[in-house]
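Residues per chain, in single letters:
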Amino acid sequence: MNKANKVVAVTYFVLLVLALLAPLLGLYPVFLMKLLCFAIFAAAFNLLLGFTGLLSFGHAAFFGSAAYVTGWFIKSQGWTPELGIAAGVVASGLIGLVIGAVAIRRQGIYFAMITMALAQIVYFVCLQAPFTGGEDGLQGVPRGALFGLLSLESDTAMYYLVVAVFVACFLAISRIVHSPFGQVLKMIRENEPRTISLGYQVDRYKLLAFVLSAALTGLAGSLKTLVMGFATLSDVHWSMSGEVILMTLLGGVGTFFGPVFGSGLVISLQNLLADKVGSWVTVIIGVIFVLCVLAFRKGVVGELQAYLERRRRATAAPEG
Amino acid sequence: MEIFGIPHQAFLGQLLLGLVNGAFYAMLSLGLAVIFGLLGIVNFAHGALYMLGAFAAWIMLDKFGINYWFALVLAPLTVGLLGVVIERLFLKHLYKLDPLYGMLLTFGLVLIAEGIFRELYGVSGQSYPVPELLSGATNLGFMVLPNYRAWVVLASLVVCLGTWYLIERTRLGAYLRAGTENAALVQAFGINVPMMVMLTYGAGAALAALAGVLAAPIIQVNPLMGSNLIIVVFAVVVIGGMGSIMGSILTGLGLGIVEGLTRVFYPEASNIVVFVIMVIVLMIRPAGLFGKEA
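Residues numbered from 1 in each chain as written. Chains lettered and ligands numbered in written order. Predicted model: local features only at pLDDT ≥ 70, side-chain atom pairs only at ≥ 80, totals over all residues.

Undergrad: Residue-level account of the overall build of chain B, with values.
TA: A tally of regular secondary structure across chain B gives 11 helices and four strands. Taking 294 residues into account, the globule formula puts the C-alpha radius of gyration at 19 Å, and chain B, at 19 Å, falls close to it. Within chain B, residue pairs in contact and separated by at least 24 positions form 77% of the contacts whose partners lie at least 6 positions apart. (Helix = DSSP H or I, 4+ residues; strand = E, 2+ residues; numbered from the N terminus. Rg over C-alpha atoms; globule rule 2.2 N^0.38 Å. Contact = placed C-beta atoms within 7 Å.)

Rendered as structure tokens:
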């Protein structure tokens, strides 16, 4: 193990310990859970944007539909939380399959516009369908008991479940990216025509990446419903799709920890400002967006990595 | 008299409303196509500029007593100037990057504009009175035609066809089209390309604002009116393909009419019919109806 890897491993270990100790440190668990849900969301989104090079402007569709499906099964059908979450993940995966199959027919900006338009269909379905509660959304979804055994009503129990799911997601995404499949995805990102000429069925790889990203996004949405107890129209609204882009961009597109960091930053900012400045939050988010694109395209973690890389080269150069 | 079991007045009324919406789609997708052609930027802020046009007209009337006809000129000018500023301040730094960055930056601008206007005016919407000259309706015998709507369709058609003429048939348009093909070469011939790019974005912004002013008396002027529209316009652009000016106009009008008819026969689907058509077009002809690239 070289020095850089050691630093990363130690950092992750410290973060994990911090995450496990957080409720004891007096941090508000519901806030932490919301933060972790959005971290999963952004990491799943980054699987598509950062590692496959596809910018989806419709990820709210997967987040929101899973939130609704999970909420409905648990509230109206009395399903246990794990089954509700599974239903949400399956639903968002299937919607991802349909939207992905249509959207990958075009590239670049068209891909972004198509995903946005298709997500808008999901939005209108959620607005008008009889079981989604229209403008009010689904309110008062009970957390229930995991496998019918472990009650999640206490925030501490719920928190550790969310941490466990988050760690599992993070490891899964890391596994996907480092697998041969993930290497093909990166190849597509770098040079799609070349990948085709090497004999890869690019569309299949893209579609699978899209479905994986959608399903993991759904997992985040389902968990969010369980944590907060509601699913609303803002979960499926296009502004949610924009938010997750910002989280990923701000943290660092194509880095592992960037989306987690970015979502933490955005959610904390919203939490901090929501009561004080009202609609100005949107303005501030917009300004951050503009600054990010103009001056800060690698994001916080990306810039940090680039800086460390430069320093490593600078110290290595005299010897070589 | 009934058409397919629908009272014909309702039928024609929805058809006209569809035509009005189609006119807005046409004007906005036209601007989007011209801007994308020359700047390589998907202008997410196009809907926000449309909203700003409507608000500019409303503020002019409310605060300064400037009437509709002056606003029709002044509001697009103001927003066009704002467009020039946006191009100089932000967009010109992005031309060498992936077009997705332009989309993201203009998305940020949307959040800023919407946030400011939501803070100042709320989301409920302000009503803008129909100008006196165009109030009322004309009885055509087979239907009662609201004058203002007829004016909107007529005015937008004139503007769209005028833009088409300007781009396809004049010397200035030839420079513009040449710049779309190869900006460096056009610059080598001594044409001030950065200036042309700046003015193109300004003109696109003004066109969006003009649509906003035209829309103001029909719909409630509210901060979210633009983002609701821009997503549909994106679908229109995907369906039509951004290659052709006339294609944008025809696709916009056609989809407006289809949407209006859907509202008659199956109102629940009227919000999504354009998106569904987009899916069908992508299945059959991925490059879009008038698109050139594969």
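Picking up where we left off.
Undergrad: So what's going on with the overall build of chain A? Residues and values would help.
TA: Across its full length, chain A carries 13 helices and two strands. Taking 20 Å as the expected radius of gyration for a compact globule of 320 residues, we find that chain A reaches 20 Å, a close match to that expectation. By its C-alpha atoms, chain A is 65 × 50 × 40 Å across when sized along the principal axes. The proportion of buried residues among the 320 residues of chain A is 49%. (Buried ≥ 20, exposed ≤ 12 C-beta atoms within 10 Å, placed from the backbone.)

Undergrad: An account of the packing of helix α12 (residues 280-295) of chain A against helix α4 (residues 99-121) of chain B is requested, with residue identities and associated values reported.
TA: Between α12 of chain A and α4 of chain B, the shortest axis-to-axis distance is 7 Å and the interhelical angle comes to 160°. One way to sum up the angle between α12 of chain A and α4 of chain B is to call them roughly antiparallel. Seen from above, α12 of chain A lies across α4 of chain B with left-handed handedness. Contacts between α12 of chain A and α4 of chain B involve Trp280, Thr282, Val283, Ile285, Gly286, Val287, Phe289, Val290, Val293 and Leu294 of chain A from the first element and Tyr101, Leu104, Leu105, Phe107, Gly108, Leu109, Leu111, Ile112, Glu114, Gly115, Ile116 and Glu119 of chain B from the second. Here the contact of α12 of chain A with α4 of chain B is composed, by residue class, of 16 nonpolar, four polar and two charged. (Axes fitted to C-alpha atoms, helices over the stretch in contact; angles between N-to-C directions. Parallel < 35°, antiparallel > 145°, perpendicular 65-115°, else oblique. Left-handed = near helix turned anticlockwise from the far one by under 90°. Nonpolar A, V, L, I, M, F, W, Y, C, P; charged D, E, K, R; others polar.)

Undergrad: Now, about the confidence of the model for chain B: what can you tell me, with residues and values included?
TA: Across chain B, the average pLDDT comes to 88, with 97% of residues at 70 or higher. For chain B, the element scoring lowest by mean pLDDT is strand β1 (residues 2-3) of chain B, at 64; helix α3 (residues 68-89) of chain B scores highest, at 94. (pLDDT = per-residue confidence, 0-100.)

Undergrad: Requested: an account of the environment of Tyr205 of chain A, with residues and values cited.
TA: Residues and elements named next belong to chain A. Along the chain, the position of Tyr205 falls in helix α9 (residues 202-228). We classify Tyr205 as partly exposed; it has 19 C-beta atoms within 10 Å. Taking the C-alpha atoms as reference, Tyr205 lies 18 Å from His59; in sequence the two are 146 residues apart. Those residues in contact with Tyr205 that sit more than four places away from it in its chain are Val184, Leu185, Ile188 and Tyr200.

Undergrad: Before we move on, could you go through the interface of chain B and chain A and cite the residues and values that matter?
TA: Taken together, the contact between chain B and chain A spans 32 residues of the former and 33 residues of the latter. Mapped by element, the contributors of at least two residues to the side of chain B that touches chain A are α4, α9 (225-240) and α11 (273-284) of chain B. By residue number, the principal contributor to the side of chain B that touches chain A is α4 of chain B, which donates 16 residues. Looking at the side of chain B that touches chain A, its residues break down into 24 nonpolar, four polar and four charged.

Undergrad: Just give me the short version of helix α7 (residues 180-190) of chain A, but keep the residues and values in it.
TA: Residue and element names in this part refer to chain A. Buried within α7 are the following residues: Val184, Leu185 and Ile188. Projection of α7 onto a plane perpendicular to its axis shows the buried side chains occupying an angular sector of 105°, all on one side. Exposed and oriented more than 90 degrees from the buried face of α7 are Pro180, Gln183 and Glu190. Packed against the buried residues of α7 are α2 (29-52), α8 (192-197) and α9. (Arc of directions from axis to C-beta.)

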